[in-house]
Amino acid sequence: VLAPRDIVRLEDAGIVLLDQTLLPGARVERTCASVDELIDAIRELAIRGAPALGVAGAMGVALAAATGPDEPAALRAYVANQAGRLADARPTAVNLRWGVEQALTVVEGAWRTAPELRGRLAGLAARIHADEVARCRAMGRHGAARLADGARIVTQCNTGALATGGYGSALGVVRALHEAGRAPHVWVPETRPLLQGARLTAWELAEDGIAHTLVTDNAVGALFAEGAVDAVLVGADRIAANGDAANKIGTYPLAVLARHHDVPFYVVAPSTTIDSDTPDGAGIVVEQRARAEVAGFGGVVTAPAATPCRNDAFDVTPAALITGIVTEDGVHEAPYVFVPASA
Ligand code: MRU
């Protein structure tokens, strides 16, 4: 079982994170001694998942302060610049920007000395981390109340402890069911191109002894047709004000399948993932990733060199296909009225 500090923590040497690119083969920690190194780690998905990115964002601003000049005006300017670069490291998960902005309110507030600012930012980042884990536990309780014993659940990508800094969002609901002895079973789509399902979700479930079966992404329709799915539980990277939800590519087809087969489809995400400034899904920027992720597999090129590829990292599920959005406040249903997150 992963403790929150095993996933990411702030130390004097920098931000220490469990390198998710190497799982499940190796459990290796990676230290980011500068904001540049943290940005690289985020882009490579060494740390990933919306809430975990929010924690990394807040820690990253603390790291910027720790590595910046001592003179207050120069430090303020330095941290603001580094924070802007960090917030732009990946565009879709709103939590990253949220975490950075929470820390920036401290930078822009009243403080006198560099050590004072550094201490406050480290404290804020630790609190944001603890709060995210607490939100996950609350979501776990609310979501579990909607599911039957022995529920056969389809998920997508990884929404576990690795993705949230501890416990998990959609996978937190699964954990809550498991802890209560309610015997969930999880269908785990491998989640091409980067296999967060096969590498990370299957690993977390195996570590915790939770029943699961790995399937290829294109096998999921047959599971619905067979009547082998009782609910879909997914996370989100950004939820617009109207409830449209961006999540890992492949989530929208699950929502369409769920509607066709009359299976409930829940999005499980903390309030830090809600973007009230974006009215609907059309305003959500979807990250485009490298061609090589699609044109090859496991380091082997599988497509002709001249073949154009498209690699959207996320898709947007319209609110009309969502049964309910589980946040730490409870299960929301349309029309959505969300309580904004505060740090
Ligand atoms: O590209 P990733 O691995 O960062 O994508 C992550 C997801 O899509 C998750 O489902 C989402 O961030 C929710 S994590 C609780």
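Notes on the structure in this doc start here. (Residues numbered from 1 in each chain as written. Predicted model: local features only at pLDDT ≥ 70, side-chain atom pairs only at ≥ 80, totals over all residues. Heavy atoms only, no water.)

## Concerning the environment of Ala222
Here comes step 1: Along the chain, Ala222 falls in helix α10 (residues 220-225).
Here comes step 2: Residue Ala222 is classed as exposed on the basis of its relative accessible area, which comes to 52%.
Here comes step 3: Residues Ala222 and Gly168, 54 residues apart in the sequence, show an inter-C-alpha distance of 27 Å. (Helix = DSSP H or I, 4+ residues; strand = E, 2+ residues; numbered from the N terminus. Buried < 20%, exposed > 50% of the residue type's maximum accessible area, 1.4 Å probe, protein only.)

## Brief notes about the environment of Cys136
Here comes step 1: Take Cys136: it is sitting in helix α6 (residues 114-144).
Here comes step 2: A C-alpha to C-alpha distance of 9.7 Å links Cys136 and Pro51, two positions 85 residues apart in sequence.
Here comes step 3: When near neighbours in sequence (up to four residues on either side) are disregarded, Cys136 contacts Thr164, Gly166, Tyr167, Gly168 and Ser169. (Contact = heavy atoms within 4.5 Å.)

## What to know about helix α8 (residues 170-179)
Here comes step 1: With respect to burial, α8 is a largely interior element, eight of its ten residues being buried.
Here comes step 2: Where α8 is concerned, the buried positions are Ala170, Leu171, Gly172, Val173, Val174, Arg175, Ala176 and Leu177.
Here comes step 3: Once α8 finishes, Gly181 follows within two positions and takes phi at roughly 75°, a positive value.

## Some points on the environment of Gly221
Here comes step 1: Its location among the elements puts Gly221 in helix α10.
Here comes step 2: Note on Gly221: relative accessible area 26%, which makes it partly exposed.
Here comes step 3: C-alpha separation for the pair Gly221 and Ala258, spaced 37 residues apart in sequence, amounts to 9.4 Å.

## Considering the site of the ligand
Here comes step 1: Surrounding the ligand, one finds 18 residues, the nearest of these being Arg48, Arg90, Gln196, Asn247 and Lys248.
Here comes step 2: Residue Arg48 places a side-chain N or O atom 2.5 Å away from an oxygen atom belonging to the ligand.
Here comes step 3: Contact between the ligand and Asp237: an oxygen atom at 2.9 Å from a side-chain N or O atom of the residue.
Here comes step 4: Protein contact buries 100% of the 420 Å² of open area that the ligand shows by itself.
Here comes step 5: Among the secondary structure elements, those contributing two or more residues to the shell around the ligand are α3 (50-67), α7 (161-164) and β9 (245-248).
Here comes step 6: When grouped by side-chain class, the residues that make up the shell around the ligand number seven nonpolar, seven polar and four charged. (Near = heavy atom within 4 Å. Polar contact = N/O pair within 3.5 Å; in protein donor to acceptor, adjacent residues only side chain to side chain. Areas by Shrake-Rupley, 256 points an atom, 1.4 Å probe, with all protein chains shown as cover. Nonpolar A, V, L, I, M, F, W, Y, C, P; charged D, E, K, R; others polar.)

## Here's the deal with the nonpolar core
Here comes step 1: Counting 52 residues, the largest nonpolar core has Leu17, Val61 and Leu121 as the members making the most contacts within it.
Here comes step 2: Those elements that place two or more of their residues in this core are β2 (14-18), α2 (35-43), α3, α4 (72-87), α5 (94-108), α6, α7 and α9 (196-208).
Here comes step 3: Here the element with the most residues in this core is α3; it accounts for twelve residues.
Here comes step 4: Once you skip the residues sitting within four places of it in the chain, Leu17 turns out to touch Ile7, Val8, Val28, Glu29, Arg30, Cys32, Leu38, Ala41, Ala46 and Ile47.
Here comes step 5: Trp187, Phe224, Ala228 and Val232 belong to the second-largest nonpolar core, a separate cluster that totals 27 residues. (Core = buried A, V, L, I, M, F, W, Y, C linked by side-chain atoms within 4.5 Å.)

## Focus: the pattern of salt bridges
Once the charged atoms of two side chains with opposite charge are near each other, the side chains can pair.
Here comes step 1: The tally for this structure, following the rule as stated, stands at 21 salt bridges.
Here comes step 2: Measuring nitrogen to oxygen at the nearest pair gives 2.9 Å for the salt bridge that ties Arg30 to Glu44. Of this pair, Arg30 sits in strand β3 (residues 29-32) while Glu44 is found in the loop between α2 and α3, placing the two residues 14 residues apart along the sequence.
Here comes step 3: Across the salt bridge formed by Arg310 and Asp312, the nearest N and O atoms sit 2.8 Å from each other.
Here comes step 4: Judged by relative accessible area, which is 65%, Arg310 ranks as exposed.
Here comes step 5: Through salt bridges that share partners, Arg90, Glu287, Arg289 and Glu293 make up one connected network. (Salt bridge = Lys/Arg side-chain N within 4 Å of Asp/Glu carboxyl O.)

## A word on the sheet that holds strand β1 (residues 8-11)
Working definition: the strands of a sheet are paired by backbone hydrogen bonds and lie parallel or antiparallel to each other.
Here comes step 1: Judged by pairing direction, the sheet is antiparallel, and its three strands sit side by side in the order β1-β2-β3 without closing on themselves. The two strands at the open ends of the sheet, each matched to only one other strand, are β1 and β3. The mean inter-strand angle of the sheet, taken between neighbouring strand axes irrespective of direction, is 25°.
Here comes step 2: Bridge analysis of β2 against β3 gives four bridges, and the strand direction is antiparallel. (Pairing = 2+ DSSP bridges. Axes fitted to C-alpha atoms, helices over the stretch in contact; angles between N-to-C directions.)

## Considerations on the pairing of β2
Here comes step 1: With five of five residues buried, β2 lies mostly within the body of the structure.
Here comes step 2: Counting the residues that bridge the hairpin from β1 to β2 gives two residues.

## Some points on unusual backbone geometry
Here comes step 1: Cis geometry is found at the peptide bond from Leu23 to Pro24, where omega equals 0°.
Here comes step 2: When you line up the elements, Pro24 lands in the loop between β2 and β3.
Here comes step 3: With omega at 5°, the peptide bond leading from Arg192 into Pro193 counts as cis.
Here comes step 4: In this fold, Pro193 is placed in the loop between β5 (185-189) and α9.
Here comes step 5: Phi at Asp262 is positive, roughly 60°, even though this residue is not glycine.
Here comes step 6: Residue position: Asp262 is located in the loop between α11 (251-260) and β10 (265-268).

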